[in-house]
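Take a look at the letters that make up each chain.
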Amino acid sequence: MTASHILFLIGGYFLLLLLISYFTGKNDSNTDFFKAGKQSPWYVVAFGMIGASLSGVTFISVPGWVADSQFSYMQVVLGYMVGYLVVAYVLLPIYYKWNLTSIYEYLSQRFGVVSHKVGAISFFISRVLGASFRLFLVAIVLQQFVFDSWNVPFEVTVTLSILLIWIYTFRGGIKTIVWTDTLQTLFMILSVVLSIHFILEAMDWNFSDFLGSEEFSQYSKTIFTDDFFARNHFLKSFIGGMFITICMTGLDQDMMQKNLTCKNLKDAKKNMVTFSISLVVVTFVFMLLGALLFIYADKFNIEVPLMDGTPKTDLLFPEIALNSGLGITVGVTFMLGLIAAAYSSADSALTSLTTSFCIDFLGIDRKTEKLQKSIRKKTHIWMSILLIVVVIIFKYVLDRNVIDGLLTVASYTYGPLLGLFAFGILTKYALKDKYVWMVALISVSLIVVLANIPPEYFGGYIFGYELLPLNGLFTFFGLWLIRKKPGSES
């Protein structure tokens, strides 16, 4: 598949997204941009959220991680499922009760302005880094397999990618995203299933041959309970996954903004439960693809591609799909899946960043209607520029598997959100609001120090994703120290 073919495919795909944007963005109102008029069918939201949750990171990085971690990521995913139930039955009722546009408005009403800003800043940093991780992964694939052959700089590739997202989201916002996510999820799942089919066909295997093969057994270990000190122990992964979901979905404006477009709480709950079950199944299919990719690469002596002189397992899937002679059908399905997976998360991230910044920092709801629309559009542009800058920086500083890096960053940035919401829900205390930012800063600092202490100081214990609940616990304890009785003065 040539670079010209890939570029033509990308162009056709975005024309389809622009068509959806045309119909969903006709109103061009802030109500539709932020809440989609609260008319989204729950089943459409549930299906679309699969693609938004998985993203380009899962599409490439999870299969690429199988060689090092086998199926241990499924331990984290099982934790995700429990976390989604907490979101559905604890957090969603609160958001609907308060009729929120930005979920961080809850912190303002519960504790005060400083708590609101701390929560919004935690999300803002988390989502900028998370969206940039995802966009970076797609950009390096496009760069290596398309734009390098035309000597186009990486910076131009990134700018063009985000410009395309801005074009189809700047009018319809979340109303457009709900429907484009549905299309993107469909393309992504079809791509993975068809890739598995064609690779098995090339190896002269059926699906049963694959699952029963000795090669598959070398990658398929899922539950790790031998060494509690190891980073991938089941209990640590499961608990970490549960809290990652509570934070990265339930306390994340990006994911919750889609849920808040449902007509009512009952529909939002149905959406969340259906989505949680579907996500486990789809992620397992990704793990199967990862094992198959490495088996195929070993059989046909395909080397893991290099990036800046270093082997990059994230690039194995595109290498096999585009350059191993499997045919144009595999190449087309891969590129459609990659583009769909990447942009289904990036477009909603851009919309949610715009929403949060407008509501939480600029107080757009207190402006005149004419000024509100102008502020929203300008903010949308600035958020796009910010993502471009951060993605370019990642090219020079990122040195690990992208999915691992994404979840590790979440351990630092989502902790204050977890502590704040937990304190608000589980206690009736008010806070000395002006000190909340100090608690958040100290908590994150403690986690950074803890994560960087050599394992030998803890008897060989290696911290993993359990850093996130620890971060939340530190924040909760700090908030307890600055608590005050409801209604009392600071």
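Presented here is an overview of the structure given in this document. Just so it is clear, the model here is predicted, and its values are computed rather than measured. (Residues numbered from 1 in each chain as written. Predicted model: local features only at pLDDT ≥ 70, side-chain atom pairs only at ≥ 80, totals over all residues. Heavy atoms only, no water.)

Thoughts on the overall build of the protein
Stage number 1. Across its full length, the protein holds 20 helices and four strands.
Stage number 2. Taken against the 2.2 N^0.38 rule, which gives 23 Å for 490 residues, the C-alpha radius of gyration of the protein at 22 Å falls within 12% of a compact globule.
Stage number 3. Judged by the C-alpha coordinates and their principal axes, the protein covers about 75 × 60 × 40 Å.
Stage number 4. Buried positions account for 59% of the 490 residues belonging to the protein.
Stage number 5. Of the contacts formed within the protein by residues at least 6 apart in sequence, a portion of 85% connects residues at least 24 apart.
Stage number 6. Counting every atom, the protein has about 19500 Å² of accessible surface; 65% of that belongs to carbon and sulfur.
Stage number 7. Averaging the locations of the 35 positively and 32 negatively charged side chains of the protein gives two centres separated by 18 Å. (Helix = DSSP H or I, 4+ residues; strand = E, 2+ residues; numbered from the N terminus. Rg over C-alpha atoms; globule rule 2.2 N^0.38 Å. Buried < 20%, exposed > 50% of the residue type's maximum accessible area, 1.4 Å probe, protein only. Contact = heavy atoms within 4.5 Å. Areas by Shrake-Rupley, 256 points an atom, 1.4 Å probe, with all protein chains shown as cover. Lys, Arg positive; Asp, Glu negative; His and termini not counted. Charge placed at Lys NZ, Arg CZ, Asp CG, Glu CD.)

Comments concerning the packing of helix α18 (residues 415-426) against helix α20 (residues 467-481)
How two helices sit against one another is set out by the angle between their axes and by the gap between those axes.
Stage number 1. Between α18 and α20, the shortest axis-to-axis distance is 7 Å and the interhelical angle comes to 50°. Here α20 runs oblique to α18, going by the angle between their axes. Once α18 is placed against α20, the crossing between them reads as right-handed. For the pair α18 and α20, contact is made by Gly415, Pro416, Leu418, Gly419, Leu420, Ala422 and Phe423 and by Leu468, Pro469, Asn471, Gly472, Thr475, Phe476, Leu479 and Trp480, respectively.
Stage number 2. Here the contact of α18 with α20 is built from residues that sort into ten nonpolar, five polar and no charged. (Axes fitted to C-alpha atoms, helices over the stretch in contact; angles between N-to-C directions. Parallel < 35°, antiparallel > 145°, perpendicular 65-115°, else oblique. Left-handed = near helix turned anticlockwise from the far one by under 90°. Nonpolar A, V, L, I, M, F, W, Y, C, P; charged D, E, K, R; others polar.)

So, unusual backbone geometry
Stage number 1. Residues other than glycine seldom take positive phi values, yet Gln70 does so here, at roughly 55°.
Stage number 2. Here Gln70 is to be found in the loop between α3 (42-69) and α4 (73-98).

Observations regarding the nonpolar core
Stage number 1. Among the nonpolar cores identified, the biggest contains 142 residues, and Phe59, Tyr95, Ile199, Met272, Ile320, Phe334 and Met335 are the most heavily contacted of them.
Stage number 2. Looking at this core, the element that brings in the most residues is helix α13 (residues 265-299), giving 17 residues.
Stage number 3. Formed by five residues, the second largest nonpolar core is a distinct cluster that contains Ile447, Leu450, Tyr461 and Leu467. (Core = buried A, V, L, I, M, F, W, Y, C linked by side-chain atoms within 4.5 Å.)

Some remarks on the pattern of salt bridges
Stage number 1. Applying the stated criterion across every chain yields a total of four salt bridges.
Stage number 2. Here Asp252 makes a salt bridge to Arg127, at a shortest N to O gap of 2.7 Å. Taken together, the residues Asp252 in the loop between α11 (234-250) and α12 (253-259) and Arg127 in helix α6 (residues 113-145) connect sequence positions 125 residues apart. By the burial criterion, Asp252 is buried, and Arg127 matches it.
Stage number 3. Across the pair Asp226 and Lys221 runs a salt bridge whose closest N-O atoms are separated by 3.3 Å.
Stage number 4. Relative accessible area serves as the criterion here: at 69%, Asp226 is assigned to the exposed category. (Salt bridge = Lys/Arg side-chain N within 4 Å of Asp/Glu carboxyl O.)

A word on α4
Stage number 1. Taking 1.5 Å of rise per residue, 26 residues should cover 38 Å, and α4 covers 36 Å from first to last C-alpha, within 8% of that figure.
Stage number 2. Bending of α4 peaks at approximately 40° at the position of Leu91, with proline Pro93 no more than four residues after it.
Stage number 3. Positive phi shows up at Asn99, right after α4, with a value of about 55°. (Expected span 1.5 Å × (residues − 1). Bend = angle between axes of the 7 residues up to and from the residue.)

Some thoughts on the side chain of Lys236
Stage number 1. Within the secondary structure layout, Lys236 lies in helix α11.
Stage number 2. At 3.5 Å, the side chain of Lys236 forms a polar contact with the backbone oxygen of Phe229.
Stage number 3. In this view, Lys236 contacts Phe228, Phe229, Ala230, Arg231, Tyr461, Ile462 and Glu466; residues no more than four positions away in its chain are not counted. (Polar contact = N/O pair within 3.5 Å; in protein donor to acceptor, adjacent residues only side chain to side chain.)

Points about the side chain of Thr413
Stage number 1. Mapped onto the elements of the fold, Thr413 is located in helix α17 (residues 402-413).
Stage number 2. With a relative accessible area of 14%, Thr413 lands in the buried category.
Stage number 3. Excluding residues within four positions of it along the chain, Thr413 makes contact with Ser122, Ile125, Ser126 and Leu129.

No statement about biological role is implied by the geometric values presented.
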